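Here is how the chains run, residue by residue.
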Amino acid sequence: MSTSETPEAPKLYAAREPVFPRRVKGTFRNLKWVIMVVTLGIYYITPWIRWDRGPELPDQAVLVDLANRRFFFFMIEIWPHEFYFVAGLLIMAGLGLFLFTSALGRVWCGYACPQTVWTDLFILVERWVEGDRNARVRLWNQKWGIRKARLRLTKWTIWLLIGLATGGAWVFYFTDAPSLATNLVTGEAHPIAYTTMGILTLTTFAFGGFFREQVCIYACPWPRIQAAMMDEDTLTVAYREWRGEPRGKLKKGQLDPNQGDCIDCMACVNVCPMGIDIRNGQQLACITCALCIDACDEVMDRIGKPRGLIGYLALMDEAAERAGAHPRQLWRHIFRVRTMIYTALWAGVGVGLVVALFLRSEIDVNVTPVRNPIYVTLSDGSIRNTYEIRIRNKQPEERPFQISVDSEAPLTVSLEGAEDQVVHVPADELKTQRVYVTAPAGSRAALADRTELRFWIEDVQSTDRVNADTIFNGKGE
């Protein structure tokens, strides 16, 4: 074979074919509108919700306070050492994703994923500016001119404004929203705020406006993981080919008994935001948004055929439907062993977090013995140990805390820089107090190598108490 006849190597990447989904009406489209409004409303409005926390704390209901390493959620305040609450919420999110995928396929991807929600919003803007599918296809194919440039600039400007609002809403979660908004306008905000907004603006603009389905197909790992979450009982969007085939164009006034219900109108393809044909079976790109169901049902209504040519279907029911039998009841697909296990795990983690939240103390204490030296012999022969006690006051006002010890041995307590045994801790702060514990000369604690010791820290105002166990070191004679 000559060199000129050597076949070209296959391309590893295919250029993106633009997708122009057609407008559709129906139950699932309405559900997507509702979810879009709710999710975007929560995202954009939440930073502006006020919550009175007193004079020492920010009055923002939801706030990630990185400077002071705290997280506020309405009446709940999470400190850095309580990160297990955040970890628990992430575990619940993962289990919830497993649960919904096992029951209804990629329902998260089709309805609530941020990429889907913002892409839907961008397509809505695109349709409003450029027209529905046919108008957008014509505009794409025509040469650049004044009209095309005007429409594109208008669309891109609105997209950028949406991206800017997206980035702006995100940074408002990390500091007081009204104050930051003023600083952003006056140019006094921290450069990190402008940088974060710029990055999120551009990524939202690119992902929602240009990359769209490419993000779901190539960047997101979930399409490749979902297969492990689904089984033959999972309900997912599917084409009933045994009813639709052989497909063919509908001829006016003529009925072909050998033709299936599918009239090959391409409505299901034209409304798909991923640009796939559901009639080709399950595909990695399908996000189960169910818009093809609305489109097909609309066509079936017009031609007098029963709805459901495309619908939610479990693989287990396929053989029964082919034979003309009734499928299993919907609840049997959803409430089964696998989904109930996921639900039990999800609920267990949630209950554990709630219990831990209500059982946690309003006082956090950590006791660290000072080991250099291990003990000090005073002039009267008594033995003194030094400890550093870190007291975290979780109340919105300054509180006095009394420090005492509980031990079988006679021990006395004194605080560095304080005449009594009371330390005042500012609101929502951590204070380190050096504490001295002394055993009289010749006492058991002074002569023993180690003596068990328990510190008690009591809130003088509320009388709430917490304790911490440690060791008192003596001569060891």
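To be clear, the structure that these remarks concern was listed above.
From a predicted model like this one, the values you see are computed outputs, not experimental measurements.

A count of helices and strands for the chain gives 17 helices and 14 strands. Its C-alpha radius of gyration of 33 Å places the chain more than 25% over the 23 Å reference for a compact globule of 477 residues. Taking the principal axes of its C-alpha atoms as reference, the chain extends roughly 115 × 65 × 60 Å. Across the 477 residues of the chain, 42% fall into the buried class. As displayed, the chain has an accessible area near 26500 Å², and 61% of this comes from carbon and sulfur atoms. Both charge centroids of the chain, one from 53 positive and one from 52 negative side chains, sit 12 Å from each other.

In this structure, the largest pocket occupies an estimated 1400 Å³ of space. Looking at the largest pocket, it is lined by 34 residues, and the ones nearest its centre are Val62, Phe71, Phe73, Leu89 and Tyr173. For the lining of the largest pocket, the secondary structure elements donating two or more residues are helix H1 (27-45), strand S1 (62-65), strand S2 (70-73), strand S3 (76-78), helix H2 (84-104), helix H4 (114-130) and helix H16 (337-359). The element that contributes the greatest number of residues to the lining of the largest pocket is H2, accounting for five residues.

Looking now at the pattern of salt bridges. Going through the model one piece at a time under the given rule, you end up with 33 salt bridges. The salt bridge partner of Asp132 is Arg127, with a shortest N-O separation of 3.4 Å. In this structure, the salt-bridge partner of Glu388 is Arg390, at a minimum N-O distance of 3.6 Å. Among the ionic contacts, a cluster of salt bridges with common partners joins Glu126, Arg127, Glu130, Asp132, Arg136, Arg152, Lys155 and Arg212.

Cut-offs applied
Residues numbered from 1 in each chain as written. Predicted model: local features only at pLDDT ≥ 70, side-chain atom pairs only at ≥ 80, totals over all residues. Heavy atoms only, no water. Helix = DSSP H or I, 4+ residues; strand = E, 2+ residues; numbered from the N terminus. Rg over C-alpha atoms; globule rule 2.2 N^0.38 Å. Buried < 20%, exposed > 50% of the residue type's maximum accessible area, 1.4 Å probe, protein only. Areas by Shrake-Rupley, 256 points an atom, 1.4 Å probe, with all protein chains shown as cover. Lys, Arg positive; Asp, Glu negative; His and termini not counted. Charge placed at Lys NZ, Arg CZ, Asp CG, Glu CD. 1 Å grid on protein atoms, 1.4 Å probe; cavity = no way out; pocket = protein on both sides within 12 Å on 5 of 7 lines; lining within 4 Å. Points joined across faces, edges and corners; volume = space filled by probe spheres on them. Salt bridge = Lys/Arg side-chain N within 4 Å of Asp/Glu carboxyl O.

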